[in-house]
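# Survey of secondary and tertiary structure
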Amino acid sequence: MAPIRIDRADDSRIAAFRDVRERDLVGRLGLFVAEGAVVLRSLVAPSSLCDIEAVLIDERRQAALADVETVLAGRAPVYSASQGLLDEIAGFPLHRGILAMGRVPPSVRLDAAVGRGPTTVLVISGVGNHDNMGALMRNAAAFGVDAVVLDDGCCDPFYRKALRVAVGATFALPIVRGGPIRDLLGDLQARAVETLALSPSGRESLKTLKVSARRALVVGAEGPGLPADVLAGIRSVRIDMRAGFDSLNVATSAAIALHGLTLTKS
């Protein structure tokens, strides 16, 4: 099925793609915009938990995306336009030449996310930077995390920039959106999931850590980190570094810790 040609920026069929940056600021009523070929392929992959609504592409990219168009036949419309018209529709130079509209999946229930057997959960608290959020999602997917839990202080993982940094990994992750971090940790502990706080001042070293097969790694925002009472109430873990240096980017720290939890520990 050939893409549907768009010749005017005011065509009602692509209204949802107009003025992308402005709509990023106010949200899209349950929809998100994905940008670029890699993210689009993640969105249409069998592992994706998200529904796709429509795709808008630079007409010069049609041949390279023929396989994606085949997957989407009868599932979602694919529109094509010239590069200049794409820029006009989006409201900025769209260098990647590809936009896709998807639907944000509902929050997963915690019981369904953690199940009853071995599980690895990433808990994110107060992370408001979209680059860090995207990188955390990419790390979670890379190290086989079974679910991601977000507290009410986190930014939107389906924000366009966060999805781009995550290279679409977010689409395949069960995400639990909850309330205050203390309530979420209590809910995990009630389900026999051991909670481990990642902190430069952690009482235990990642190198020697032994944990349950049901475990959750908890990370906080850059700078303030996790609240003191949260750190005091659960096991805290540090990544040993050279003397005089104790800080890494939150996504880098999480990647190292998840590697230690999921790949090197029995």
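Preceding this section is the structure that the text describes.
First things first, this report covers the structure right here in the doc.

## Examining the state of the cysteines
On inspection of all chains with the given rule, the structure shows zero disulfides. Sulfur of C154: no disulfide; nearest cysteine sulfur belongs to C155 and is 6.6 Å away. Taking relative accessible area as the criterion, C154 reaches 17% and is therefore assigned buried. What makes C155 buried here is its relative accessible area of 13%.

## As for the packing of aromatic side chains
Counting across every chain of the model gives two aromatic pairs. Taking 5.3 Å as the distance between ring centres and 35° as the angle between the ring planes, the aromatic pair formed by F32 and F158 counts as tilted. With F32 in strand β2 (residues 31-35) and F158 in the loop between β7 (147-150) and α7 (160-165), this pair connects stretches of sequence that are 126 residues apart. Of the two residues, F32 and F158, neither departs from the other in class, the shared state being buried. Taken together, a centroid distance of 5.4 Å and an interplanar angle of 25° make the contact between F32 and F171 stacked. Separated by 139 residues along the polypeptide, F32 in strand β2 and F171 in the loop between α7 and β8 (175-177) bring together distant segments of the chain.

## Focus on helix α8 (residues 181-190)
Those residues of α8 that fall on the buried side of the exposure criterion are I181, L184, L185 and L188. Seen from one end, α8 has its buried residues packed into an arc of 95°, which puts them on one side. In the core, the buried residues of α8 are packed alongside α5 (110-114), β6 (119-124), β7, β9 (194-198), β11 (214-219) and α9 (228-233). A192 lies just past α8 and shows a positive phi near 60°.

Rules used in this analysis
Note that residues are indexed from 1 along each chain, following the sequence as it is written. Only residues with pLDDT of 70 or above have their local features reported here, since the model is predicted, and side-chain atom pairs are shown and tallied only from 80 upward, although totals for entire chains, interfaces and linings are computed over all residues. The basis for every side-chain value is the complete set of non-hydrogen atoms in the structure, without hydrogens or water. In this description, a disulfide is simply a cysteine sulfur pair whose atoms lie within 2.5 Å. Exposure classes here rest on a 1.4 Å probe applied to the protein chains alone. A residue is buried below 20% of its type maximum, exposed above 50%, and partly exposed in between. Two aromatic rings, drawn from Phe, Tyr or Trp (for Trp, its six-membered ring), form a pair once their centres lie within 6.5 Å of each other, and the interplanar angle then sorts them: stacked below 30 degrees, edge-to-face above 60, tilted otherwise. Runs of H or I in DSSP of at least four residues are treated as helices and runs of E of at least two as strands, each being numbered from the N terminus. This arc is taken over the directions from the axis of the helix to the C-beta atoms. Here, residues are in contact when the closest pair of their heavy atoms is within 4.5 Å.

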